Amino acid sequence: MNKQTIRDVEWAGKRALVRVDFNVPQDDAGNVTDDTRIRAALPSIRYLLEHGANGVVLMSHLGRPKGKANPKYSMRPVVERLFELLPEAREVRKTEAITGPAAEAAATALGPGMVLMLENTRFDPREEANDPAMAAELARLGDVFVNDAFGAAHRANASTEGVAHFLPAVAGFLMEKELEFIGGALERPKRPFVTIIGGAKISDKIGVIDNLLGKVDALLIGGGMANTFLLAEGRQLGDSLVEPDSVGVAAELIAKARTANVRLLLPSDTVIADAFSADAARQTVAVDAVPTGWRVLDIGPRTVQAYRDEIARAQLLIWNGPMGVFELEPFAAGTRAIAEAMAEAGARGATTIVGGGDSVAAVEQAGLADRMSHVSTGGGASLELLEGKTLPGVAALLDR
Ligand code: ADP
Ligand code: MG
């Protein structure tokens, strides 16, 4: 990675202003239902505490409060969980403020071993507008800015990108790990390099597929988006989810794969259902035999076997997008089989990376997350890296 990190700073006597991604899922009562993102930020926070930082000021967004204070999106439950997860902190405080005199007073009152969580940055409409005035106000709360919010790095907001123009800015450990795994894999791939792309819509992933076709040895396609590729090959898909407007693009991607000598695999069989529901009638058919009234909801066993064979030969695997409607148990088998094949590949030494909100949820649902080399904490950000884009929150950090 060509950016400075938290290790490049002499922390003694300096207050750290740290952007984390604490945008966690909550239940109706506000309780944190999954603290993965909070845990993911702990290595950076611990490092700062251990290296004598004169206080650690944390900031994050949570949900979509649309620029207005809203108790439903308060950081309070997040701070409570952080307090439980960080027993080594002398104190974990919270302020109702984001910037201004109250926030500055709270920040200045910190000493070594102390952590302060600011209120939700999106309570201020200037956050998403990347207003330099807000960025400058945030910058008054610390001496050095640490960006550890990989999951928010694809957005140029005041607390992710703007503030980096007012303070020395370095990457945290989570940011570094995400960039090294995903960025490193794309820049210096081990071969064979195989990617598995699925999910609902091809239109969400055109940029990803286009970029990967210049790098991979094989691309395995599943999920709803495979339908549009199959349509481009003249198949009948019954009532499946298809994107007629993207048939042309699908045909171009198929042609590009041929020119680039990339093996582009499409499903040969599918699991179809007579309704979009867990108790629908279902059957496994070849891709050219989907009757009217039926829709493709998963890849079939022949396809699973073909994809497993490719995965078994790979040294580097990147997966984004479920193979079927994995949220419904009868259509989760294809996605689960890919997760298992990835775990087996990892066990024999291949590098396995999973990115994308739903893909990560599927791997967790299969109980295989800890058998992957890397499970990305950032859905949108990981997709933008796979598209070959530079993340604005990363571009703004100091070069090494
Ligand atoms: P990610 O969040 O990992 O990037 P996407 O958001 O692109 O993944 O896609 C996930 C969604 O795709 C899931 O909700 C899943 O139900 C849906 N999906 C997968 N296969 C199909 C299909 N054949 N028909 C309709 N939806 C599908
Ligand atoms: Mg998704």
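Calculation criteria
- Residues numbered from 1 in each chain as written.
- Chains lettered and ligands numbered in written order.
- Predicted model: local features only at pLDDT ≥ 70, side-chain atom pairs only at ≥ 80, totals over all residues.
- Heavy atoms only, no water.
- Domains from an automatic or database assignment.
- Contact = heavy atoms within 4.5 Å.
- Buried area = accessible area lost by both parts, 1.4 Å probe.
- Salt bridge = Lys/Arg side-chain N within 4 Å of Asp/Glu carboxyl O.
- Polar contact = N/O pair within 3.5 Å; in protein donor to acceptor, adjacent residues only side chain to side chain.
- Nonpolar A, V, L, I, M, F, W, Y, C, P; charged D, E, K, R; others polar.
- Buried < 20%, exposed > 50% of the residue type's maximum accessible area, 1.4 Å probe, protein only.
- Helix = DSSP H or I, 4+ residues; strand = E, 2+ residues; numbered from the N terminus.
- Pairing = 2+ DSSP bridges.
- Core = buried A, V, L, I, M, F, W, Y, C linked by side-chain atoms within 4.5 Å.
- Axes fitted to C-alpha atoms, helices over the stretch in contact; angles between N-to-C directions.
- Parallel < 35°, antiparallel > 145°, perpendicular 65-115°, else oblique.
- 1 Å grid on protein atoms, 1.4 Å probe; cavity = no way out; pocket = protein on both sides within 12 Å on 5 of 7 lines; lining within 4 Å.
- Points joined across faces, edges and corners; volume = space filled by probe spheres on them.
- Near = heavy atom within 4 Å.
- Areas by Shrake-Rupley, 256 points an atom, 1.4 Å probe, with all protein chains shown as cover.
- Sits in = over half its atoms within 2 Å of the grid points.

**Student:** I'd love a proper account of the domain arrangement of the protein chain, names of residues and values included.
**Tutor:** Split into domains, the protein chain comes out as domain 1 (6–176) and domain 2 (189–386). Centre-to-centre separation of domain 1 and domain 2, based on C-alpha positions: 36 Å. Residue-level contacts link eight residues of domain 1 with nine residues of domain 2. Summed over both partners, the interface of domain 1 with domain 2 buries about 650 Å², with 63% contributed by carbon and sulfur atoms. Among the residues domain 1 hides against domain 2, the three largest losses belong to Arg37, Phe150 and His154. Together they make up 68% of the total. Across the contact surface, domain 1 and domain 2 share zero salt bridges. Where domain 1 packs against domain 2, one counts one residue pair in polar contact (both at pLDDT 80 or more). Across the side of domain 1 that touches domain 2, the residue classes tally to three nonpolar, two polar and three charged.

**Student:** Give me the lowdown on the pairing of strand E7 (residues 193–197), citing residues and values where you can.
**Tutor:** Most of E7 sits out of view: five of its five residues are buried. What you see with E7 is no split at all: Phe193, Thr195 and Ile197 on one side and Val194 and Ile196 on the other are buried throughout. Pairing geometry for E7 and strand E13 (residues 316–320), over five bridges, is parallel. The residue bridging Phe193 from the neighbouring strand is Leu316, located in E13. As judged from the four bridges shared by E7 and strand E8 (residues 218–221), these two strands associate in the parallel manner.

**Student:** So what's going on with the pairing of strand E12 (residues 295–299)? Which residues, and what values?
**Tutor:** E12 sits mainly inside the fold: five of its five residues count as buried. When strand E10 (residues 269–273) meets E12, the two strands line up antiparallel, connected through four bridges. In the strand pairing of E12, Thr270 is matched with Ile299.

**Student:** Explain the nonpolar core to me, using residue names and the numbers behind them.
**Tutor:** Leu17, Leu138, Ile209, Leu219, Ile221 and Phe229 are the most contacted members of the largest nonpolar core, which totals 72 residues. The dominant element in this core, judged by the number of residues it contributes, is helix H5 (residues 173–187), at five residues. Two domains share this core, each providing at least three of its residues, namely domain 1 (6–176) and domain 2 (189–386). Among residues more than four places away in sequence, those in contact with Leu138 are Leu17, Met59, Ile98, Thr99, Leu118, Ala158, Ser159 and Val163. Counting 34 residues, the second largest nonpolar core, distinct from the first, contains Val32, Val79, Val92 and Val115.

**Student:** If you had to explain unusual backbone geometry to someone new, which residues and values would you point to?
**Tutor:** The omega torsion of the bond from Arg191 to Pro192 falls at 0 degrees, within 30 degrees of zero and hence cis. In this structure, Asn130 takes a positive phi of about 50 degrees despite not being glycine. Checked against the element boundaries, Asn130 lands in the loop between strand E4 (114–117) and helix H4 (132–139). Located in the positive-phi region is Asn261, a residue other than glycine, with phi close to 65 degrees. Within the element layout of this structure, Asn261 appears in the loop between helix H8 (247–259) and strand E9 (263–265).

**Student:** Give a detailed account of the packing of helix H7 (residues 225–232) against H8, specifying residues and quantitative values.
**Tutor:** Two elements in contact, H7 and H8, have axes separated by 8 Å at closest approach and are oriented at 80 degrees. By the criterion of interaxial angle, the relationship of H7 to H8 is roughly perpendicular. Only Val247, Ala250, Ala251, Leu253 and Ile254 of H8 make contact with H7, whose side of the interface consists of Thr228, Phe229, Leu231 and Ala232. Its residues assigned to classes, the contact of H7 with H8 comprises eight nonpolar, one polar and no charged.

**Student:** Just give me the short version of empty space enclosed by the protein, but keep the residues and values in it.
**Tutor:** Per the counting criterion, the structure on display carries one cavity of 30 Å³ or more. Its volume calculated, the largest cavity comes out at about 40 Å³. The wall of the largest cavity is formed by Val20, Asp21, Arg37, Ala40, Ala41, Asp148, Gly151, Leu174 and Thr377. Examining the composition of the lining of the largest cavity, we find that three residues originate from one element, helix H1 (residues 36–50), more than from any other. Considered class by class, the residues forming the lining of the largest cavity number four nonpolar, two polar and three charged.

**Student:** An account of the site of ligand 1 is needed here, citing residue identities and associated values.
**Tutor:** As a structural note, the neighbourhood of ligand 1 is formed by 18 residues, with Ala200, Lys205, Glu327, Asp358 and Ser359 the closest of them. The side chain of Glu327 places a nitrogen or oxygen atom 2.5 Å from an oxygen atom of ligand 1. With the chains in place, 86% of the 580 Å² that ligand 1 exposes on its own is no longer accessible. Most atoms of ligand 1, that is more than half of them, are within 2 Å of grid points of the second largest pocket. Those elements giving two or more residues to the shell around ligand 1 turn out to be E12 and helix H11 (357–365). Broken down by element, the shell around ligand 1 gets its largest block of residues, three residues, from H11. Of the residues in the shell around ligand 1, the class split is six nonpolar, nine polar and three charged.

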